[in-house]
Amino acid sequence: MLYATDTETYLIGRRLTPRLVCGQFFDGMNPPKVLLAEDYLTWFEDALADGHTFVGQNFPFDLGVIMVAADHLVEPIFKALEEGRFFDTMIRETLIQNALGHTGRVNLDAIVNRRFGVALSGKDTTRLNFSTLDGLPLEQWPKTAVKYAVDDAVWTLKVYQSQAGESAITSAGRPVMPLEDEQAQLEAALALHLCAVWGMKTDPTRVKAFIDSVTMVAEEGKAMARDLGFMRDNGSRNMKALKDLVKKAYDGKPPTTEKGAVSTSKEVLEESKDPALMTYAKTLSAAKMVSTYAPILAAPSVHPRYNALVGTGRTSCRKPNMQNPPREGGFRACFVPRDGFVFVSADYSQIELVALAQLNLWWFGASQMAKVLKRGDDIHCRFVADLKGWSYEDTFKRHKAGDPEVKQARQMAKGVLYGLPGGLGAESLVAFMKGSGVAITVEQAERLKAQYLKSWPEMVLYFERASKLTRFGPATIVHPVSNRQRGGLTFCQCLNTPFQGLVADACKAALVAVVRACFVEPDSPLAGCHPCLFLHDEIMVSAPMAKAEAAATELSRLMVKVMGRYIPDIPVEAEPKISTEWVK
């Protein structure tokens, strides 16, 4: 039996697992049913034990609520997940849209409106008031509340059935359905949600130091803006005055926005060669950190919200974006383990380059990059040696000795190796390198690109492949291993998506394995640890101090093992570390 099910809760709080008020389910044959919390948990437990299948909308949230309300269901939930008995209409819709090259919201209201032309009612207020009904018999509930709960289950089943009937064929000549990657993405979504539920503890002293530091810089920026005449007494900016300063700095020929207005972006101010504007630009990041992070860091712990699947196959994170934290100001140091715990983390070494080399092996049968990586050479030093005409052995020796010339050249090599696979031209490479602190000219960029293709000749074929895929318009690619499809791709997206997607699939699968070990494998060295952070190619858990060493070793071993399913021909490394604060 397939049941569409959903829960209603108190308002979602910081911990993302609000108190359960009721649950509802619908099988499409019998009338939908609403049960109060305890009765719903009993029904769900029995239905799990009987081997039934379930579909939900944003199901990881509901499963998290259930696991907190009835922790004895953690193991049965993981078992059902492993058996493929859970489905999620939000993840299904995202996969379908990605395959067709479409975009659009994937909350239940939006999906129902898109597929059925129906606008669900009561969404603005009813969902906010279920806490007031907690403990009341269902007979005393307002009809609008019962209808809201029932509609969620009914429409979830209708959406699931509509998705199952999707008959579209992508431009790759493959049907959209079935979604071969669906279960893996759902497992990853639950794993990410459990990371968020545990969250990251903040240290009040360090938070205060961070906020004080960035606030001081932000206030200096405001004072400077007032002195320059483009900030009013009420704190708003006089944009005309600022644009006039930019015009003057650029001798009357300032950079403009797409609409033709004078640009006042941080980058434009930084490149203005006006000392005052350049200094002011440095304070803008601090001002943003104050407004963005100060309210969030005031809480004793931070619980970000992950999105398990964006177009490239990677994840995203918000409230706050822990996957792209500020580098300055001591932001990371604000986070510390809970008492009796330490942070244990491991990250894959240069994994996107490894994935790129693996793809070239699969597609073209050979890869110079793969040969270098298999030998264990430092790939950046290898490129520097090719570029400079030096021997690799001497270049690597100088790198290890801290030679400043090699250090600078190697930093440049990193920009080339990570930038060019995505299709950057010479001018774009100049801008990309500048972002990492390396200044080059367009002519130098052209020479670097020529050397890149000489050092890694397989990349000529890689670029040609993307060009052929897009010669008649947007293309669809099929990811190796996962068979996930992504349509509507431009030339550059056809370059980036394969290796980014391969890495994303593998890293999420590694996280799933780690989370499973933490929660339902009592003999694992990771048992009793709590996954707390996912940073694309890095996984962090909070481990009891007494088992930190064993947990670190097991975390690394699991990550390497799982990656081997996705990158079988090139050795990968995941170096573990133990720390008492969040460090790079």
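The notes below deal with the structure included here. This one's a predicted model, so the numbers in the text were calculated from it and none came from an experiment.

Cut-off values and rules
Residues numbered from 1 in each chain as written. Predicted model: local features only at pLDDT ≥ 70, side-chain atom pairs only at ≥ 80, totals over all residues. Heavy atoms only, no water. Helix = DSSP H or I, 4+ residues; strand = E, 2+ residues; numbered from the N terminus. Phe/Tyr/Trp six-rings, centres within 6.5 Å; stacked < 30°, edge-to-face > 60°. Buried < 20%, exposed > 50% of the residue type's maximum accessible area, 1.4 Å probe, protein only. Lys NZ or Arg CZ within 6 Å of the ring centre and 35° of its normal. Contact = heavy atoms within 4.5 Å. Pairing = 2+ DSSP bridges. Axes fitted to C-alpha atoms, helices over the stretch in contact; angles between N-to-C directions. Parallel < 35°, antiparallel > 145°, perpendicular 65-115°, else oblique. Left-handed = near helix turned anticlockwise from the far one by under 90°. Nonpolar A, V, L, I, M, F, W, Y, C, P; charged D, E, K, R; others polar. Salt bridge = Lys/Arg side-chain N within 4 Å of Asp/Glu carboxyl O.

What follows deals with unusual backbone geometry. The step from M177 to P178 runs through a cis peptide bond, and the omega angle for that step is 0 degrees. For P178, the location among the structural elements is in the loop between α6 (143–164) and α7 (182–198). Residue K319 is joined to P320 through a cis peptide bond whose omega torsion reads -5 degrees. Its location among the elements puts P320 in the loop between β9 (316–318) and β10 (335–336). Notably, N58 is not glycine yet its phi reads approximately 55 degrees, a positive angle. Checked against the element boundaries, N58 lands in the loop between β4 (53–56) and α2 (59–69).

Moving on: the packing of aromatic side chains. Under the defined criterion, the tally for this structure stands at 27 aromatic pairs. A ring pair is formed by F25 and W43, whose centres lie 3.9 Å apart and whose planes are at 5 degrees; its orientation type is stacked. Of this pair, F25 sits in strand β2 (residues 20–26) while W43 sits in helix α1 (residues 37–49), and the two are 18 residues apart along the sequence. W43 carries the same exposure label as F25, and that label is buried. Residues W363 and Y462 carry aromatic rings whose centres are separated by 5.9 Å and whose planes lie at 25 degrees to one another, so their mutual orientation is stacked. Separated by 99 residues along the polypeptide, W363 in helix α12 (residues 351–364) and Y462 in helix α19 (residues 458–469) bring together distant segments of the chain. Taking relative accessible area as the criterion, W363 reaches 28% and is therefore assigned partly exposed. In this structure an aromatic cluster arises from ring pairing among Y3, F25, Y40, W43, F44, F54, F59 and F86. Geometry around W198 places R338 over its ring, the cationic atom sitting 4.2 Å from the centre. Between the NZ or CZ atom of R398 and the centre of the ring of W390, over which it lies, the distance is 4.3 Å.

A few words on the environment of A333. Mapping A333 onto the fold places it in the loop between β9 and β10. Exposure remark for A333: the relative accessible area of 23% places this residue in the partly exposed category. C-alpha of A333 to C-alpha of D203: the two residues are 130 residues apart in sequence and 8.4 Å apart in space. In this view, A333 contacts R206, E581 and W582; residues no more than four positions away in its chain are not counted.

The subject of this paragraph is the sheet that holds β2. Read from one edge of the open sheet, five strands run β3-β2-β1-β4-β5, paired in mixed fashion. Strands at the two margins of the open sheet, each flanked by one partner only, are β3 (33–36) and β5 (86–88). In this sheet, adjacent strand axes meet at a mean angle of 30 degrees when their direction is disregarded. Where β2 meets β3, four bridges bridge the pair, whose relative direction is antiparallel. When the sheet's bridge partners are listed, C22 is paired in β3 with L36.

Moving on, we get to the packing of helix α20 (residues 491–520) against helix α21 (residues 548–566). At a closest axis distance of 9 Å, the pairing of α20 and α21 adopts a crossing angle of 140 degrees. Considered as vectors, α20 and α21 are oriented oblique to each other. Where α20 crosses over α21, the two elements pack in a sense that is right-handed. For the pair α20 and α21, contact is made by L502, D505, A506, C507, A509, A510, A513, V514 and A517 and by L555, L558, M559, V562, M563, R565 and Y566, respectively. Considering only residue class, the contact of α20 with α21 consists of 14 nonpolar, no polar and two charged.

Moving on: the packing of helix α3 (residues 74–82) against α7. When two helices pack together, you describe them by how their axes are tilted relative to each other and by the distance separating the axes. Packing of α3 against α7 leaves a shortest axis separation of 10 Å and a crossing angle of 155 degrees. Taken together, the axis directions place α3 and α7 in an arrangement best described as roughly antiparallel. Contact residues: F78, L81 and E82 in α3; Q183, L186, E187, L190 and L194 in α7.

The next subject is the pattern of salt bridges. Applying the stated criterion across every chain yields a total of 26 salt bridges. In this structure, the salt-bridge partner of R19 is D134, at a minimum N-O distance of 2.6 Å. Taken together, the residues span a long stretch of sequence, with R19 in the loop between β1 (2–9) and β2 and D134 in the loop between α5 (108–116) and α6 at a distance of 115 residues. The partly exposed category is assigned to D134, whose relative accessible area is 25%. Note that D244 is salt-bridged to K240, the shortest N-O span being 3.2 Å. Of the two residues, D244 and K240 are both situated in helix α9 (residues 239–249); the distance of four residues between them amounts to about one turn of the helix. Overall, the relative accessible area of 35% leaves D244 in the partly exposed class.

Remember, this is a structural readout, not a statement about activity or role.
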